[in-house]
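The chain contents come next:
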Amino acid sequence: MMLVACPLLSTAAGGEVEVLHFWTSGGEAGAVAKLKATLRNDGHTWKDFVIAGGGGGQAMVLLKSRVLSGNPPTAAQIKGASIPEWARTGTLSSIEGVAAAEKWDRLLPKIVSDTMKHKGVYVAAPLNVHRVNWLWVNASALRKANARFPATWEEFFAVADAMKKAGIAPIAYGGQSWLDLGAFESVALGVGGPDFYRKAFMELDPSALNSPQMEKTLETYRRIKSYIGRNAVGGDWVRGTSMLIKGEAGMQLMGDWAKAEIQAAGMKPGIDVLCGATPGSANAFTFNIDSFAMFQVSGENRAAQNDLARAVMSKDFQETFNLAKGSIPVRMDVKMDKFDECAQRSSQDFSKSAKRGALLPSLAHGMAQPSQTVAAIWDVISQFWNQDRMTAAEAMAKLTQAAKAHAAAPPK
Ligand code: BGC
């Protein structure tokens, strides 16, 4: 864990925005630089409160200690289901004035605006939509393996075998435990389909958590492990993506923040590194929205906070930021013509999935369940991934137990 806090520039007239985020990889830092520039142009000082680690687990721990000691940042990158948890503590600030003036209700899909509000009032501003169920495949590795982009899990393992034979580590993975749950939810979506995903991860229905589909999900998930090259284990997701970019690994199951790294390395997404839905999930979309929840600040910092909210939702910023971040704009009126084919596909699939009821909140990225429930499920999945002796039946029993405990005692 690394904590960096560095004030960058100060203007007498403006306020200060201190923003907690965990965007530290090359592609992520490039995207957040666009936001810093926008705020500086508005005359404000940007202060980074950066916690490296990816996925944001550590960031939340440090945020809690800052808020408890009465010294909250202006805004923090907090995910969907955690926004109401924070709002209930009474520490968030309303940005309803900006949202009403800028007509956010008309610009955002309802599923997004609902997530940004507490008791009907905006307390968070959304930056983007990341899609989690993406598979990235190095085009030259695929050619070397004489294979085609896999559409099903069986095809995925056949491609992995072919890559292995061609001397390429088939799958880039990483040692961060949040990656386990991300890969797992994509397997579940492909194996069981959107209804199964909804029942298992949104409704925590025991008949889905302990079912033949869950058993198949766990078995498929475990099969991935034997295709991870020794060199591909132990690093973080950025290292995995770097192996993918160099062709040292053939495939990576990762949300489209990986695309920012691909672009930053000078490769073309959709050409040098191919994108496609994770096997079996072409008709669905697991979403992960980056948003800034606003904390209570006063004086000119309050004006700066409103400017921050206005800036992240502005049309220009939504385009510039998302071109760099790998995600797609969350505003529905941003043209997609400057975006690459992966982003265009993401945007179309978002709309199509919304129509067919297959637009699903990501469990791993804190969109589907409160943080404590996610942590309990995550724990079981990490145990299953790391302990080869644990059977699918044992894992399902633990999952059901964890879900029951959290359904019985919802977080306060
Ligand atoms: C965030 C992305 C971030 C990724 C890796 C995800 O949870 O939504 O913005 O790039 O984690 O850190």
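Reading the values: rules and limits
- Residues numbered from 1 in each chain as written.
- Predicted model: local features only at pLDDT ≥ 70, side-chain atom pairs only at ≥ 80, totals over all residues.
- Heavy atoms only, no water.
- Near = heavy atom within 4 Å.
- Polar contact = N/O pair within 3.5 Å; in protein donor to acceptor, adjacent residues only side chain to side chain.
- Areas by Shrake-Rupley, 256 points an atom, 1.4 Å probe, with all protein chains shown as cover.
- Nonpolar A, V, L, I, M, F, W, Y, C, P; charged D, E, K, R; others polar.
- Buried < 20%, exposed > 50% of the residue type's maximum accessible area, 1.4 Å probe, protein only.
- Helix = DSSP H or I, 4+ residues; strand = E, 2+ residues; numbered from the N terminus.
- Pairing = 2+ DSSP bridges.
- Axes fitted to C-alpha atoms, helices over the stretch in contact; angles between N-to-C directions.
- Parallel < 35°, antiparallel > 145°, perpendicular 65-115°, else oblique.
- Left-handed = near helix turned anticlockwise from the far one by under 90°.
- Contact = heavy atoms within 4.5 Å.
- Disulfide = S-S within 2.5 Å.

Novice: Explain the site of the ligand residue by residue, including any values.
Specialist: Residues in contact with the ligand amount to 15 residues; listed here are only the nearest, Glu28, Lys79, Asp290, Lys325 and His365. Glutamate 28 is positioned such that a nitrogen or oxygen atom in its side chain is 2.4 Å from an oxygen atom of the ligand. Between the ligand and aspartate 290, the relevant distance is 2.6 Å, taken from an oxygen atom to a side-chain nitrogen or oxygen of the residue. For the ligand, whose accessible area on its own is 310 Å², the fraction buried by protein is 100%. For the shell around the ligand, a count of residues per class yields five nonpolar, six polar and four charged.

Novice: So what's going on with the pairing of strand β13 (residues 285–288)? Residues and values would help.
Specialist: Alternating positions in β13 separate into two faces, Phe285 and Phe287 on one and Thr286 and Asn288 on the other, with burial throughout. Bridge count between strand β8 (residues 130–131) and β13: two bridges; the pairing is antiparallel. Each residue of the ladder has a partner; that of histidine 130, found in β13, is asparagine 288. Relative to strand β15 (residues 359–361), β13 runs parallel, the two being bridged by three bridges. Across the sheet, residue threonine 286 finds its bridge partner in β15, namely leucine 360.

Novice: Requested: an account of the packing of helix α8 (residues 153–165) against helix α11 (residues 212–225), with residues and values cited.
Specialist: Contact geometry of α8 with α11 gives a least axis separation of 11 Å together with a crossing angle of 10 degrees. The angle between α8 and α11 falls in the class roughly parallel. Two packed elements cross with a definite hand, and for α8 against α11 that hand is left-handed. Within the contact between the two elements, α8 uses Trp153, Glu154, Phe156 and Phe157 and α11 uses Thr220, Arg223 and Ile224. Residues of the contact of α8 with α11, tallied by class, amount to four nonpolar, one polar and two charged.

Novice: Give a detailed account of the state of the cysteines, specifying residues and quantitative values.
Specialist: For the structure on display, the rule yields one disulfide. Covalently, cysteine 275 is tied to cysteine 342 through a disulfide, its sulfur atoms 2.2 Å apart. Across the S-S bond of cysteine 275 and cysteine 342 the torsion is about -100 degrees, and the bridge reads as left-handed. Pair noted here: cysteine 275 is in strand β12 (residues 273–277) and cysteine 342 is in helix α16 (residues 341–355), with a separation of 67 residues, a long-range link. Using a relative accessible area of 9% as the deciding quantity, one classes cysteine 275 as buried. A residue is classified by how much of its surface remains accessible, and cysteine 342, at 1% relative accessible area, is buried.

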